[in-house]
Amino acid sequence: MASRSPSRSEEQFLCSICLEVFSEPVSTPCGHNFCKRCISQAWDSIESCFCPLCKEVFSTRPQLKTNTLLSEMVSQLTLEKRSSSMEHMPDFSEVQCDACSEPKLKAVKSCLVCLSSFCESHLQPHLSAPRLKKHQLMEPVDDLEDRICPTHDRPLELYCSTDQKAICVVCSALEHKNHTLVSLKEAFEQEKVSLQQTVAENQRLVEQRRLKRCLDHHTKVLEQSLSKHKERAQALIQQLQQEMCELEKSSTEAQQLSLSTDPLHFLQRCPALPPAGLKDWSSVSFEPQTCEGSAARALSELETRLSQKIHKVFIQLPKKDQLRRVQTFAVDVTLDPDSAHPDLVLSEDLKQVHDTDVRKKLPDSPQRFDPCVIVLGKQSFSSGRFYFEVQVKGKTYWDLGVAQESVNRKEKINLSPKNGFWTIILRDKDQYKALAGPSVPLSPLRPPQKVGVFVDYGAGLVSFYDVDSADLLYSFTGCCFREKLFPYFCPGLNCGGTNAAPLIISAVDTESPVCEGLK
């Protein structure tokens with residue numbers, strides 16, 4: 001959302017659902033226009049389709065067609081706004097020579113000792129005279145006075161990480177003697193990486209708040225049965241809109257600042273980002289206490305869908321940084337002996353399991369798998385996110401994933417989400433599949449030696465990673481979890497020793513600097 005109010009000419013191009021300029025405008029049979037995504041999401045969450053503006057009800061869901069004329073007009077408006085924005089941007093690209101008489105030539109260097117900028121001709125004495133050669137030259141800037149220490153009249157060459165300010169050499173020996181000091185360039189590179197993460201996080205927060213605003217439409221549709229919740233929803237929506245404005249403004253400033261190549265200019269303006277005081281919306285819900293029938297179901301479905309979509313706009317980091325982020329949700333998993341098939345051998349620390357082809361005499365119980373050579377983790381999860389890693393090196397057959405508590409343990413098992421299993425498998429040394437019902441063939445670039453399993457219970461997500469390459473092997477999305485989930489392990493039959501290697505639950509390294517920065 002832009003940080004200013006739309007002009008009168010823009011108002012006719014605003015979608016009445018998201019209150020923003022149309023994106024892929026489509027028309028309903030009654031002649032009203034909406035963003036394709038907005039009207040589709042609105043209709044996905046209700047049993048009967050109707051126009052949010054005139055309330056006309058459609059017996060069947062209409063086929064939406066793009067409004068070509070409106071789409072072209074919106075594109076033209078966007079181009080005009082972008083052009084206007086560029087015209088009003090200040091031009092800092094040229095610094096004039098201080099030694100030239102009119103007309104002044106373009107400066108090629110600035111001197112921090114002379115506090116002046118020079119064109120190529122007037123710079124020559126600094127390149128030839130022994131005394132002037134000692135002066136400190138830099139790329140031309142027009143704020144030389146700001147680059148001199150006001151206390152010691154020396155150039156600002158260092159950065160104090162302790163006090164987060166640029167200082168001169170004399171300052172470093174006096175007021176900042178025992179502080180952490182780095183060069184301006186080094187501080188510039190460090191803060192630029194942090195700023196890029198801020199930009200990505202702001203974009204994620206903007207999208208999160210945009211999705212939450214969809215609740216405004218559903219509040220209006222259900223206002224008869226949700227009257228006591230409407231006031232709360234409206235207040236939250238207003239707060240969402242305000243935070244979106246602040247985040248988008250911060251993102252714009254951050255993106256412009258990220259283009260800077262001037263270390264001092266960058267570091268002096270960077271501490272103001274990102275905006276402070278943002279509300280944590282992850283725990284906010286709109287669950288009614290007294291609603292009945294379709295109203296309660298509609299809001300419940302909406303919350304699920306929002307959770308799923310918010311996960312889809314998860315920070316778009318490089319794949320290794322994305323893996324490191326999910327690794328921050330690592331949990332300590334051990335094997336549950338009471339669930340293990342009698343042929344399986346578990347290590348003393350309950351971190352390894354393999355098949356022996358020799359059946360042990362063990363007491364039967366409802367928890368034990370038989371006839372399938374399966375064992376579950378001892379820990380269960382019914383909310384939040386969790387992650388664990390399993391070494392599969394040297395094996396020709398294995399299953400990994402999660403299973404719900406009520407799965408069948410006493411008959412031949414058909415692994416699928418329908419039956420409470422979310423798994424990927426290896427067969428015949430190199431045949432990888434995701435058992436999604438029907439199965440999906442997988443083609444990893446190389447055989448995984450260690451597999452990471454990540455679950456977001458609220459978002460209905462189960463993802464599998466090749467830990468060494470950080471490649472995403474497969475994701476189950478849109479899952480509907482209603483029970484406790486347990487880590488699931490099947491080392492496969494021993495097969496005369498060809499598949500004797502154990503599955504090993506590995507410790508996850510969450511102490512790397514990148515992981516700490518992503519928590």
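Residues numbered from 1 in each chain as written. Predicted model: local features only at pLDDT ≥ 70, side-chain atom pairs only at ≥ 80, totals over all residues. Heavy atoms only, no water.

Attention now goes to the overall build of the protein chain. Within the protein chain, the regular secondary structure consists of 13 helices and 24 strands. Looking at the 519 residues of the protein chain, the share that counts as buried comes to 45%. By sequence separation, contacts in the protein chain at least 24 residues apart represent 61% of the contacts at least 6 residues apart. About 28300 Å² of surface is accessible on the protein chain, with carbon and sulfur atoms providing 50% of the total. (Helix = DSSP H or I, 4+ residues; strand = E, 2+ residues; numbered from the N terminus. Buried < 20%, exposed > 50% of the residue type's maximum accessible area, 1.4 Å probe, protein only. Contact = heavy atoms within 4.5 Å. Areas by Shrake-Rupley, 256 points an atom, 1.4 Å probe, with all protein chains shown as cover.)

For the coordinates displayed, the defined rule picks out ten aromatic pairs. Their ring planes at 75° and their centres at 6.1 Å tell us that Trp 43 and Phe 58 sit as a pair that is edge-to-face. Separated by 15 residues along the polypeptide, Trp 43 in helix α2 (residues 36-44) and Phe 58 in strand β4 (residues 57-58) bring together distant segments of the chain. Look at Phe 58 and you get buried, because its relative accessible area is 9%. Ring geometry for Phe 421 against Tyr 488: centres 5.6 Å apart, planes inclined by 75°, an arrangement best described as edge-to-face. Of the two residues, Phe 421 sits in strand β17 (residues 421-427) while Tyr 488 sits in strand β23 (residues 485-490), which places them 67 residues apart along the sequence. Relative accessible area serves as the criterion here: at 1%, Phe 421 is assigned to the buried category. (Phe/Tyr/Trp six-rings, centres within 6.5 Å; stacked < 30°, edge-to-face > 60°.)

This part takes up the nonpolar core. One finds Trp 398, Ile 424 and Phe 489 to be the most contacted residues of the largest nonpolar core, which totals 51 residues. Counting 19 residues, the second-largest nonpolar core is a separate cluster that includes Cys 38, Trp 43, Phe 58 and Leu 70. (Core = buried A, V, L, I, M, F, W, Y, C linked by side-chain atoms within 4.5 Å.)

Moving on, we get to the sheet that holds strand β21 (residues 461-466). With antiparallel pairing, seven strands are arranged side by side in an open sheet as β12-β13-β24-β15-β20-β21-β22. The open sheet has two free edges, formed respectively by β12 (344-346) and β22 (471-476), since each of these has just one partner strand. Taking each pair of neighbouring strands and ignoring which way they run, the sheet shows an average axis angle of 20°. By the bridge criterion, seven bridges tie strand β15 (residues 385-391) to strand β20 (residues 450-456) in an arrangement that is antiparallel. Bridge pairing in β20 links Arg 385 to Asp 456. (Pairing = 2+ DSSP bridges. Axes fitted to C-alpha atoms, helices over the stretch in contact; angles between N-to-C directions.)

Counted according to the given criterion, the structure contains seven salt bridges. Its salt-bridge partner being Asp 370, residue Arg 359 comes within 2.4 Å of it at the nearest N-O pair. A residue pair is termed long-range when its members are at least 10 positions apart, and Arg 359 in the loop between β13 (352-355) and β14 (375-376) and Asp 370 in the loop between β13 and β14 qualify at eleven residues. Of the charged contacts, one joins Asp 364 and Lys 410 as a salt bridge, the two residues approaching to 2.7 Å between their closest N and O atoms. Of this pair, Asp 364 sits in the loop between β13 and β14 while Lys 410 sits in the loop between β16 (398-404) and β17, placing them 46 residues apart in sequence. By relative accessible area, Asp 364 is classed as exposed at 60%. (Salt bridge = Lys/Arg side-chain N within 4 Å of Asp/Glu carboxyl O.)

Low pLDDT means the predicted coordinates in that region are not meant to be read closely. Across the protein chain, the average pLDDT comes to 79, with 75% of residues at 70 or higher. Every residue in residues 1-8 scores below 50 in pLDDT, and together they form twelve contacts with partners more than four places removed in sequence or on other chains. In the model, residues 287-296 has pLDDT below 50 throughout and makes 13 contacts with residues more than four positions away in sequence or in other chains. (pLDDT = per-residue confidence, 0-100.)

Turning to unusual backbone geometry, a few remarks are in order. Geometrically, the link from Glu 102 to Pro 103 is a cis peptide bond, its omega value of -5° lying close to zero. Position of Pro 103 relative to the elements: it lies in the loop between α3 (68-87) and β6 (109-111). A cis amide bond, omega 10°, links Gly 437 with the succeeding residue Pro 438. Despite not being glycine, Asp 428 has its phi angle at roughly 55°, a positive value. Among the secondary structure elements, Asp 428 is positioned in the loop between β17 and β18 (431-434). Using a relative accessible area of 61% as the deciding quantity, one classes Asp 428 as exposed. Phi is positive for Lys 429, which is not a glycine, with a value near 75°. Position of Lys 429 relative to the elements: it lies in the loop between β17 and β18.

Before going further, it helps to examine the sheet that holds strand β9 (residues 158-160). Taken together, the three strands give an open sheet; going across it, the order is β10-β9-β11, and neighbouring strands pair in antiparallel fashion. One side of each edge strand has no neighbouring strand; the edge strands of this open sheet are β10 (165-167) and β11 (181-183). Ignoring strand direction, the axes of neighbouring strands in this sheet form an average angle of 40°.

Turning next to the pairing of β22. In the sheet, β21 pairs with β22 via five bridges, with the strands oriented antiparallel. By the bridge assignment for β22, Asp 466 is matched with Asp 471. The turn linking β21 back onto β22 is made up of four residues, and Ala 470 within it adopts a positive phi angle of 65°.

With that out of the way, let us pick up the environment of Tyr 457. Relative to the assigned elements, Tyr 457 resides in the loop between β20 and β21. Under the relative-accessibility criterion, Tyr 457 is labelled buried at 13%. For the pair formed by Tyr 457 and Leu 485, sequence separation is 28 residues and the distance between their alpha carbons is 8.7 Å. When near neighbours in sequence (up to four residues on either side) are disregarded, Tyr 457 contacts Phe 381, Ser 382, Ser 383, Gly 384, Phe 481, Arg 482, Glu 483 and Leu 485. In this structure the side chain of Tyr 457 is engaged in a polar contact, spanning 2.7 Å, whose partner is the backbone oxygen of Glu 483. (Polar contact = N/O pair within 3.5 Å; in protein donor to acceptor, adjacent residues only side chain to side chain.)

Here the focus is the pairing of β21. Counting buried positions over the six residues of β21 gives six, a clear majority of the element. Summarising the sheet, β20 and β21 pair through six bridges and their orientation is antiparallel. Following the sheet pairing, Phe 454 is matched in β21 by Ser 463. Between β20 and β21, which pair antiparallel and follow one another directly, the connecting turn spans four residues, one of which, Gly 460, has a positive phi of 70°.

What follows covers the side chain of Arg 368. With respect to the helices, strands and loops of the structure, Arg 368 is situated in the loop between β13 and β14. Buried within the structure, Arg 368 lacks any salt-bridge partner; Asp 338 is the closest side chain of opposite charge, at an N-O distance of 4.8 Å. Polar contacts involving the side chain of Arg 368 include one to the main-chain carbonyl oxygen of Ala 340, which spans 2.7 Å. Beyond its immediate stretch of four places on either side in the chain, Arg 368 contacts Pro 337, Asp 338, Ser 339, Ala 340, His 341, Pro 342, Leu 362, Pro 363, Arg 409 and Lys 410. (Lys, Arg positive; Asp, Glu negative; His and termini not counted.)

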